Amino acid sequence: MIQHFHFKPLYENKQLPGWFISFFYKQQRYQAEYHKDGSIRFIDVSPAEEDLAVVEKMVHELMLFHVYD
């Protein structure tokens, strides 16, 4: 489960889509850029290959709830 999910716009002009996100998953902190097309680019550390699909799905759900609602 993702904990302490935070997001903020990548650009000062908030009309431009793109967000910086950060969260904890399995006691590891992750930072990433979330782009308007739904792509996620992890910064520094990315989740293990076996966890990647699960983490991306949870991030998409959180972004839909918080940003696109």
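Just so we're clear, the structure is a prediction, and the values are computed from it rather than from any experiment.

Peer 1: Please give an account of the packing of aromatic side chains that cites residues and values.
Peer 2: Using the criterion set out here, one finds five aromatic pairs in the structure. When the centroid spacing of 5.7 Å and the interplanar angle of 35° are considered together, the rings of Phe23 and Tyr30 count as tilted. Each member of the pair Phe23 and Tyr30 is classed as buried. A ring pair is formed by Tyr30 and Phe42, whose centres lie 6.3 Å apart and whose planes are at 75°; its orientation type is edge-to-face. Taken as a pair, Tyr30 in strand S3 (residues 28–34) and Phe42 in strand S4 (residues 40–43) lie far apart in primary sequence, 12 residues in all. Judged by its relative accessible area of 7%, Tyr30 is buried. A network of ring pairs unites the aromatic residues Phe5, Phe7, Phe23, Tyr30 and Phe42 as a single cluster.

Peer 1: Tell me about the sheet that holds strand S2 (residues 19–25), residues and numbers included.
Peer 2: Strand order across the open sheet formed by four strands is S1-S2-S3-S4, with antiparallel pairing between neighbours. Here the strands that pair on one side only, and so sit at the sheet edges, are strand S1 (2–9) and S4. Neighbour-to-neighbour, the strand axes of this sheet turn through a mean angle of 25°, independent of strand direction. In this sheet, S4 lies alongside S3 in antiparallel orientation, the contact comprising four bridges. By the bridge assignment for S4, Glu33 is matched with Arg41.

Quick notes on the rules
Position numbers for residues count from 1 along each chain, tracking the sequence in the order it is written. Given that the model is predicted, a residue must reach a pLDDT of at least 70 before its local features are reported, and side-chain atom pairs must reach 80 or more before they are shown or counted; all residues, however, enter totals for whole chains, interfaces and linings. Water and hydrogen atoms were dropped before computing side-chain values, which therefore reflect all heavy atoms in the structure. Here a Phe, Tyr or Trp ring, Trp counted by its six-membered ring, pairs with any other such ring whose centre lies within 6.5 Å, and the pair is stacked when the planes are under 30 degrees apart, edge-to-face when over 60, and tilted otherwise. Summary of the burial criterion: residues with accessible area below 20% of their type's maximum are buried, those above 50% are exposed, and those between are partly exposed, where the area comes from a 1.4 Å probe applied to protein chains only. Only runs of H or I of at least four residues qualify as helices and only runs of E of at least two qualify as strands under DSSP, and these elements are numbered from the N terminus. The pairing criterion for strands is at least two bridges between them, as found by DSSP. Every angle, taken between N-to-C directions, lies between 0 and 180 degrees, and every axis is a line fitted to C-alpha atoms, over only the stretch in contact when it is a helix.

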